[in-house]
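One letter stands for each residue in the lines below.
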Amino acid sequence: MTTLPEVTAGADELSIWPASTSRLPHGGLAVGGVSLAEVADRFDTPAYVLDEGEVRARCRTYRDAFPEAEVMYAAKAFLSRAMVRWVDEEGLGLDVCSAGELELAVTAGFPPERIVLHGNAKSPRDIGAALRLGVGRIVIDSASEIARLAAAVGPGGHQKVLVRVVPGISAGGHEKIRTGTDGQKFGLSLTDGSAQHAVARVLGQPQLELVGLHCHIGSQITEVKPYVAALRRVVGLMARIRDAHGLVLPELDMGGGHGVAYRPGEPALDLTALARGLRGELASACAAAGLAVPRLAVEPGRAVVGPAGVALYRVLSVKHTGDRVFVAVDGGMSDNPRPALYGVRYAPRLVGRHSGAEPRTATVVGRHCEAGDVLAADVELPGDIRPGDLLAVPVAGAYHLSMASGYNMIGRPPVVAVADGAARLLVRRETLDDFRGRDVGA
Ligand code: LLP
């Protein structure tokens, strides 16, 4: 790709874009030194663009904010072999929740001992892969899996485990992604005694070594307070475990859920404040309980990769209906189900051409056969937006491809990495041949 002239992007509207984003002449925008219009021409649309430098910088920000803690990247946000390598090279661990994520990571060279396996319903395949590959930790999520896991490990075997505790703290960007209170499917309740009960059962299985507790209260959380409150409760349980069983647990995994801004001006979780809050509360709660301070772990997914991604779409049609304008693009709910699922609002913008037209309110919709296939309702776009225009949606790196579907056989978009002025394909586009290949019936 051509070398681009550097123009600084200072405006607030680019505050949620990767730090490498720069303005080009004639309304162009570059990420990682690569023009988005060039990416669209070369790789077609829709496409996800991932800024490698931004991912790496975010990993480093975590390492700097939590120098004494284990930072485990949550693979469910986005996983590919390149991502596995970046996370490894930047010194993070990995959180996986299926044999699929686990095998992809290990076959891409990730050290299994730095992997933690989650899941409220682990399949025999998940457990088999975890034991075969030697994952560092398995997180117990229900009482019924304890005996099953112990049996799979076998009498002579050994596996380190954590018990996932539900602390009774409500937090998170949407009801569907809140996991800190009772009445949802994850973890073992602290308030009704299930967590304590599970701990006792794990201790009764000699091949399972209980090394700590785990607590993930939800996702897209933008305040430190609920984390600190949850930590205090979980340390309280650690003290009770010490009193009841004489066991001092050396590890405490506080999960992920660190919120990011999807639109300019929205709040994001302050990582430095989070680190300070967790560290301070851990020290004081442990001192008050006379406990040795356990090793802290965190599991960010979205905050590592979300803001490093940009989704690119081509406008296919512009429709004026009553007083509304619908801008339809060549993707939609199959590459981003998040607006439909959680009501998330995005900030698309025109790229690749300068428009002097007055902005007008429009709704960006997808091409799927549902009226609910809305990518961004009521956003300001240039009044002369037209078919052929390129739209870019920032903060598309997390839970876009990983939640993408085959709806309407449109096919999942490719992932294009950009770094130092060059673009390269990480994940190719899903094609009709892929759909046809899986269709093996008569
Ligand atoms: N650890 C555990 C145990 C988790 O369940 C999750 C996310 C994470 C860490 C990472 O959370 P993050 O830092 O990425 O928020 N599909 C939803 C998000 C679901 C999150 C599920 N668990 C979305 O698109 O917002």
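Residues numbered from 1 in each chain as written. Predicted model: local features only at pLDDT ≥ 70, side-chain atom pairs only at ≥ 80, totals over all residues. Heavy atoms only, no water.

A. Examining the overall build of the protein more closely. The number of helices and strands found in the protein is twelve helices and 21 strands. Relative to a compact globule of 442 residues, whose C-alpha radius of gyration would be 22 Å, the protein shows 23 Å and is just as compact. Summarising its shape, the C-alpha atoms of the protein cover approximately 70 × 55 × 45 Å along the three principal directions. A sequence separation of at least 24 residues applies to 68% of the contacts in the protein between residues at least 6 apart. Carbon and sulfur atoms form 52% of the exposed surface of the protein, whose accessible area is close to 18100 Å². Across the protein, the centroid of the 47 positively charged side chains sits 2 Å from that of the 49 negatively charged ones. (Helix = DSSP H or I, 4+ residues; strand = E, 2+ residues; numbered from the N terminus. Rg over C-alpha atoms; globule rule 2.2 N^0.38 Å. Contact = heavy atoms within 4.5 Å. Areas by Shrake-Rupley, 256 points an atom, 1.4 Å probe, with all protein chains shown as cover. Lys, Arg positive; Asp, Glu negative; His and termini not counted. Charge placed at Lys NZ, Arg CZ, Asp CG, Glu CD.)

B. Structural view of helix α2 (residues 52–65). With 14 residues, α2 extends 20 Å between its outermost C-alpha atoms, agreeing within 8% with the 20 Å of an ideal straight helix rising 1.5 Å per residue. Along α2, the residues that are buried comprise Glu52, Glu54, Val55, Arg56, Cys59, Tyr62 and Ala65. Put simply, Asp51 is the residue that caps the front of α2, since its side-chain oxygen is 3.0 Å from the backbone nitrogen of Gly53. (Expected span 1.5 Å × (residues − 1). Buried < 20%, exposed > 50% of the residue type's maximum accessible area, 1.4 Å probe, protein only. Polar contact = N/O pair within 3.5 Å; in protein donor to acceptor, adjacent residues only side chain to side chain.)

C. Molecular detail of the site of the ligand. Around the ligand, the structure places 20 residues, and the nearest of them are Ser219, Glu299, Arg302, Arg338 and Tyr399. In this structure, Ser219 approaches the ligand through a side-chain N or O atom, which is 2.3 Å from an oxygen atom. Between the ligand and Tyr399 there is a distance of 2.6 Å, counted from an oxygen atom to a side-chain nitrogen or oxygen. About the coverage of the ligand: the protein hides 91% of its 580 Å² of free accessible area. (Near = heavy atom within 4 Å.)

D. The packing of aromatic side chains, seen in detail. Here the structure, examined in full by the defined rule, presents two aromatic pairs. On the numbers, 6.2 Å between centres and 15° between planes, the contact of Tyr62 with Phe66 is stacked. The buried category is assigned to Tyr62, whose relative accessible area is 1%. Ring centres of Tyr262 and Tyr346 lie 5.3 Å apart, and the angle between their planes is 70°; this geometry places the pair in the edge-to-face category. (Phe/Tyr/Trp six-rings, centres within 6.5 Å; stacked < 30°, edge-to-face > 60°.)

E. Highlighting the sheet that holds strand β3 (residues 34–35). What the three strands build is an open sheet, ordered β1-β2-β3; its pairing is antiparallel. Single-partner strands in this sheet number two, and they are β1 (22–23) and β3. Looking at chain direction, strand β2 (residues 29–31) and β3 are connected through two bridges and run antiparallel. Paired with Ala30 across the two strands is Ser35, which belongs to β3. (Pairing = 2+ DSSP bridges.)

F. Inspection of the side chain of Ser35 at higher detail. Its place among the elements puts Ser35 in strand β3. Polar contacts involving the side chain of Ser35 include one to the main-chain amide nitrogen of Ala37, which spans 3.2 Å.

G. Looking closely at unusual backbone geometry. In this structure, Pro46 follows Thr45 across a cis peptide bond, with omega equal to -5°. Structurally, the position occupied by Pro46 is in the loop between α1 (36–43) and β4 (47–51). Phi is positive for Val395, close to 60°, though the residue is something other than glycine. With respect to the helices, strands and loops of the structure, Val395 is situated in the loop between β19 (390–394) and β20 (415–419). Looking at Val395, the relative accessible area reads 1%, which means it is buried.

H. Broad picture of the nonpolar core. Phe66, Tyr73, Val163 and Leu213 are the most contacted members of the largest nonpolar core, which has 136 residues in total. A per-element tally of this core places helix α8 (residues 225–245) first, with ten residues. Both domains that meet at this core, namely domain 1 (12–50 + 307–438) and domain 2 (52–306), each give it at least three residues. Look past the residues within four positions of Leu213 in its chain and what remains in contact with it is Leu162, Val163, Val165, Val199, Val234, Leu237, Met238, Ile241, Leu249, Glu251, Leu252 and Asp253. Core analysis: the second largest hydrophobic core is formed by five residues, Met72, Val139, Leu162 and Val211 among them. (Core = buried A, V, L, I, M, F, W, Y, C linked by side-chain atoms within 4.5 Å. Domains from an automatic or database assignment.)

I. Structural view of the packing of helix α4 (residues 99–107) against helix α5 (residues 124–133). Running from N to C, α4 and α5 point in directions that differ by 25°, and their axes come no closer than 9 Å. One finds that α4 runs roughly parallel with respect to α5. In the crossing of α4 with α5, the sense of the turn from one axis to the other is left-handed. Residues Ala99, Gly100, Leu102, Glu103 and Val106 of α4 form the contact with α5, whose own contacting residues are Arg125, Asp126, Ala129, Ala130, Arg132 and Leu133. (Axes fitted to C-alpha atoms, helices over the stretch in contact; angles between N-to-C directions. Parallel < 35°, antiparallel > 145°, perpendicular 65-115°, else oblique. Left-handed = near helix turned anticlockwise from the far one by under 90°.)

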